Amino acid sequence: IASESNIRFHKYIISMDDKNKTSQQMHSSKESKVAANKLNYIPETLREVKKHEAAENTMEIIKMTEKKKEKQSNDLDGTNRKHKSKKNKKLAVKKEEAMSQDSNQLIPTPLSHIPLKSLMDIEMELVYIDEEDISFEFSEPVASPSTESVRHDSEKANALSESNDNPLPQIDKQLQMTLQEASTCYRQNDYAAAVEKLSTALELCSKGVAVDDLLDPFPEDISSIASFIETKLVTCYLKLKKPDDALNHSHRSIILNPAYFRNHLRQAAVFRYLERYSEAARSAMIADYIYWLTGGTEQHTSKLIKLYWQAMFEETITREVSFSVMYTPFVTEVKAEKINKIKDIFAKKHPNYVEHIYTDPHGFHILPQRAEGPDLPPQKYLLTLGFRSKHIGKTLERWSCRKLPIFSDRKAPFCPLTEEETNAYWINTGKRIVPVMDFIRSTKLIDNRCPCARGIEKMHYASFLSRLHRVEEESQVINQALAELATVPYLQDISQQDAELLQLLMADAMDTLEGRSHQGRVWNKIQKIGLIEDYLYQAEDNYLKNKRHRIAKAERKRMKKIQSTQQH
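Residues numbered from 1 in each chain as written. Predicted model: local features only at pLDDT ≥ 70, side-chain atom pairs only at ≥ 80, totals over all residues. Heavy atoms only, no water.

Looking up the chain in an unreviewed UniProt entry gives the name SPT16 protein, with the organism given as Centropus unirufus.

What follows is the structure in structure tokens.
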């Protein structure tokens, strides 16, 4: 597999947007012809690693994550473990007692309104840093031999590994020099030149020039090196104020190496630039979790990430006008009576958002203000949402109760709409649903129903964009779906069945980006099942609505007859 990957690397040339090649005027005409296909680019590294070794890698991530957690717990001294265990039990008891005694905790604390300067300081410290170490997904970080021995970033993400027996890959000398030149340009604020150098570095990777061991290179190592280049391109494009280019590279950096927390944090920075605050909050939440999972120890770093997450979360709430939310802390399972009580409290607190109220019934949410370190489990919350539009609220509730998060725009499962009808549905419904889905995910790290749910949501969104002929946005969203799917094994334990679904969905997404389609794909089956299920829900809803109307009509007739009889 590795040798085949190396051969294909030699054949593949990485596509870059013509904006990155403005200095090469001799090739401008050729670049303009392929501009439409730029966002469809998937690095050959990804194709080889994710397609040929998806099964092995997914299970390896799961096993190594478990061993990493076990290793971290075994490293603690026995006395410290007992002390922490007692301390944790006391804290849990106090937390449960306080929640049972104080009903005011149903309402979260007021928004703190973190100043913009604080966000900029966080980005300068954690996002725009020019790191010199390459974080390998399955080994410890390695400093490039071409750089100084002094590390500028003491809290590098430690990739998951069983031991340190395996030697770290040696970066190819030509690639080292190119990366060093890019770093020099970046530090001199010549970001356009840095992009040129990093683009050259990606081309070298595509030709197999990544590590010195050409006979038996590990695809994962090549993937991690490509991710390192992609994440540097993110910062360059942000500095150049080209957020769309930065977003594409941020997705690719995560797809190639989801175990590096800065990849997620840079994705959050791009979302913030684009004013997509819910998605920025989710990326920051994942960055904090990955930081601790992969061995991060600096409380200061985690505190900054949580502060960034909190700022994005609060910005979303402040700007949103179509719905309102309330978080309720809980320890044990919440019964229906308590949920009804929560809804009553919500209605009193948010009287303008009572057209439809529902509490997310599956899983739990976490808040950045209450997220603890790795030693303590996070405080769990129920999320209650209230809407101004009854239609949107009911659609979202139906979506949240299903394993396959698909909402249909069709009156019947196999009756596709015209382009005009699709566009009208998107404006009236789809466009109003997607932001709510993004917000729900901004505090929901895992999904107990289907670990791949977030990736399915984005693939479904991409199918809408495809029918609306918004090609560039579709490609961007599919890349985002791939990034979400690649991160899943690090966020939660998954079964063998879920692992197989994950691999199939990633293969389907890559096929879509490459322009290949097949009716037997798992994604096509999921869409069909989801559409049928959604249609059945709608049919049941319509039946119950008509039944209520018939009962009300019969009651009116009966009352009318009684009144008529009394008059006579």
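The next point concerns the side chain of Gln476. Mapped onto the elements, Gln476 comes out in helix 18 (residues 471-491). Beyond its immediate stretch of four places on either side in the chain, Gln476 contacts Asp244, Leu247, Asn248, His251 and Arg276. (Helix = DSSP H or I, 4+ residues; strand = E, 2+ residues; numbered from the N terminus. Contact = heavy atoms within 4.5 Å.)

Bringing the nonpolar core into the picture now. Among the nonpolar cores identified, the biggest contains 84 residues, and Leu175, Ile225, Ile229, Tyr308, Leu385 and Leu396 are the most heavily contacted of them. When near neighbours in sequence (up to four residues on either side) are disregarded, Leu396 contacts Tyr358, Phe387, Ile433, Val436, Met437 and Ile440. Residues Ile254, Leu404, Met459 and Leu501 belong to the second largest nonpolar core, which totals 36 residues. (Core = buried A, V, L, I, M, F, W, Y, C linked by side-chain atoms within 4.5 Å. Buried < 20%, exposed > 50% of the residue type's maximum accessible area, 1.4 Å probe, protein only.)

On to the sheet that holds strand 4 (residues 356-359), then. One open sheet accounts for three strands, arranged 3-5-4; its pairing is antiparallel. Strands with a single pairing partner mark the edges of an open sheet, and in this sheet they are strand 3 (323-330) and strand 4. Shown here is a sheet whose adjacent strand axes are inclined to one another by a mean of 20°, direction ignored. In terms of strand pairing, strand 4 meets strand 5 (residues 380-387) through four bridges, oriented antiparallel. Within the sheet, the bridge partner assigned to Tyr358 lies in strand 5 and is Leu385. Across the sheet, helix 15 (residues 390-400) is in contact with strand 4 and strand 5; its angle to strand 4 comes to roughly 20°. (Pairing = 2+ DSSP bridges. Axes fitted to C-alpha atoms, helices over the stretch in contact; angles between N-to-C directions.)

Below, the discussion takes up the packing of aromatic side chains. Under the criterion given, the structure shown has 13 aromatic pairs. An aromatic cluster is defined as three or more aromatic residues linked by ring pairs; in this entry it consists of Phe313, Phe323, Tyr327, Tyr358, Tyr381, Phe387 and Phe439. One cation-aromatic arrangement involves Lys380 over Phe364; the distance from NZ or CZ to the ring centre is 4.9 Å. (Phe/Tyr/Trp six-rings, centres within 6.5 Å; stacked < 30°, edge-to-face > 60°. Lys NZ or Arg CZ within 6 Å of the ring centre and 35° of its normal.)

Note that side chains of opposite charge can pair when their charged atoms are close. Enumeration over the complete set of coordinates arrives at 23 salt bridges. Note that Asp438 and Arg454 form a salt bridge whose closest N and O atoms lie 3.0 Å from each other. Of the two residues, Asp438 is situated in helix 16 (residues 419-441) and Arg454 in helix 17 (residues 453-467); the sequence distance between them amounts to 16 residues. Classification of Arg454 as buried rests on a relative accessible area of 5%. In this structure, the salt-bridge partner of Glu457 is Arg454, at a minimum N-O distance of 3.1 Å. You can see Glu457 and its partner Arg454 sitting in helix 17, three residues apart, about one turn around the helix. Assigned by exposure class, Glu457 and Arg454 land together as buried. Residues joined in a network through salt bridges with shared partners are Arg276, Glu279, Arg282, Asp438, Arg441, Asp447, Arg449, Arg454, Glu457, Lys458 and Glu484. (Salt bridge = Lys/Arg side-chain N within 4 Å of Asp/Glu carboxyl O.)

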